[in-house]
Amino acid sequence: YDSIKVRLESLCDGEAVSSSVYVSAKFIPSCSQVIVSVPLSNWVYNKETAFNADRTTKPLLINLMGYSTNFSSFKKIDLEYRLSTAPNWTRLHTYYKTKAFLDAGTETSGKDTIGSQTTLSYAFNIANLSLPDGVYEIRARSTCTNNTEFISDLSTGRVDLTAPVKFGTPLP
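Description of the structure in this document. Residue positions are given per chain, counted from 1 along the sequence in the order it is written. Since the coordinates come from a predicted model, pLDDT governs what is reported: local features require at least 70, and pairs of side-chain atoms require 80 or more to be given and counted, while whole-chain, interface and lining totals use all residues. Each side-chain value is worked out from all heavy atoms of the structure, with water and hydrogens disregarded.

## Describing the sheet that holds strand β9 (residues 120-124)
Two strands make a pair as long as DSSP finds a minimum of two bridges between them. Helix numbers and strand numbers start at the N terminus; a helix is a DSSP run of H or I with at least 4 residues, a strand a run of E with at least 2. Taken in spatial order, the three strands line up as β3-β5-β9 in an open sheet, and their pairing is antiparallel. Only two strands of the sheet have a single partner each, and these edge strands are β3 (35-38) and β9. On average, each strand axis in the sheet is tilted by 35° relative to the strand beside it, whichever way the strands run. In the sheet, strand β5 (residues 60-65) pairs with β9 via five bridges, with the strands oriented antiparallel. Paired with Leu-61 across the two strands is Ala-123, which belongs to β9. Where helices are involved, their axes are fitted lines through C-alpha atoms of the stretch in contact, as for all axes, and angles between N-to-C directions lie from 0 to 180°.

## Considering the pairing of β5
Pairing between β3 and β5: three bridges, direction antiparallel. Within β5, the residue paired with Ile-35 across the bridge is Met-65.

## Brief notes about the nonpolar core
Each nonpolar core is a collection of buried residues, namely Ala, Val, Leu, Ile, Met, Phe, Trp, Tyr and Cys, held together in the definition by side-chain atoms within 4.5 Å. Here's how the labels work: a residue is buried when its accessible area is under 20% of the maximum for its type, exposed when over 50%, partly exposed in between, all with a 1.4 Å probe on protein chains only. Counting residues in hydrophobic clusters, the biggest one holds 30 residues, and the most contacted among them are Ile-62, Leu-64, Ile-77, Phe-124, Ile-126 and Ile-138. Taken together, the elements giving at least two residues each to this core come down to β4 (43-46), β5, β6 (74-83), β7 (90-96), β9, α3 (126-129) and β10 (134-144). By definition in these notes, contact holds between two residues if any of their heavy atoms fall within 4.5 Å. Those residues in contact with Ile-77, other than ones at most four positions away along the chain, are Val-34, Leu-64, Tyr-67, His-93, Thr-94, Tyr-95, Ile-114, Leu-120, Ala-140, Arg-141 and Ser-142.

## Digging into the pattern of salt bridges
Salt bridges are defined by distance alone: a side-chain nitrogen of Lys or Arg within 4 Å of a carboxyl oxygen of Asp or Glu. Per the counting criterion, the structure on display carries eight salt bridges. A salt bridge links Lys-76 to Asp-78, with the shortest nitrogen-to-oxygen separation between them at 3.6 Å. Judged by relative accessible area, which is 14%, Lys-76 ranks as buried. Here the salt bridges do not stand alone but share partners, grouping Lys-76, Asp-78, Glu-80, Arg-139, Arg-141 and Glu-149 into one network.

## Some remarks on the packing of aromatic side chains
Stacked, tilted and edge-to-face are the three classes assigned to paired rings of Phe, Tyr and Trp, where Trp is represented by its six-membered ring and a pair needs centres within 6.5 Å; plane angles under 30 degrees give stacked, over 60 edge-to-face, the rest tilted. Applying the stated rule across the entire model yields two aromatic pairs. Taking the centre distance of 4.9 Å and the plane angle of 45° together, the rings of Tyr-81 and Phe-124 count as tilted. Of this pair, Tyr-81 sits in strand β6 while Phe-124 sits in strand β9, and the two are 43 residues apart along the sequence. Like Phe-124, Tyr-81 is buried. Ring plane angle 40° and centroid distance 6.3 Å describe the contact between Tyr-81 and Tyr-136, whose orientation is recorded as tilted. Note that Tyr-81 is positioned in strand β6 and Tyr-136 in strand β10, a separation of 55 residues in sequence. In this structure, Tyr-81 and Tyr-136 share a single accessibility class: buried. Here the aromatic residues Tyr-81, Phe-124 and Tyr-136 are joined through ring pairs into a cluster of three or more. The ring of Phe-51 carries Arg-55 above its face, with NZ or CZ at 4.5 Å from the centroid. Charge over a ring is defined by NZ of Lys or CZ of Arg lying within 6 Å of the ring centre and within 35 degrees of the ring normal.

## Here's the deal with the state of the cysteines
Count a disulfide wherever a pair of cysteine sulfur atoms falls within 2.5 Å. One pass over the full model with this rule turns up one disulfide. The disulfide partner of Cys-31 is Cys-144, and the S-S distance across this bridge is 2.0 Å. In this structure, the disulfide formed by Cys-31 and Cys-144 twists by about 80° around the S-S bond and is classed as right-handed. Of this pair, Cys-31 sits in the loop between β2 (14-23) and β3 while Cys-144 sits in strand β10; the two residues are 113 residues apart in sequence, bridging distant segments of the chain. On the basis of relative accessible area, Cys-31 is assigned to the buried category, the value being 3%.

As structure tokens, this is what we get:
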């Protein structure tokens, strides 16, 4: 918006007591949106969903979609999680728009280029990470070269890998 006139005028004295100013405003668009489409909120990852019959682990599948690599300044998407009571996010994986951005990234592992994919999938192996039981939040954060970012809605769920145990002495 360019040269918008803002005028303040006295109700009693009219134009005799008035002033005006011209204002211009430009808006920087946020980065491309990104959606955590799977898992939906209120997911549960427990002994039944975490392990196969042969006791190998089954990861929690996370899908990201709704992003646009055609967004002019789009750079990358970070997939992150945290225990809901924790202040800091932990990066799981970073997806870069181009190989040049990938090569310039500071991560030593857990990074890929997006290529032509319209949905990104990540296998979050919670059981192998030995995360404590609790409520967890998953989010995706897109970052652009103009220092803007978009943070997805949270997908909140529960990790409950500790099976109940018997305690006490049974009585007849």
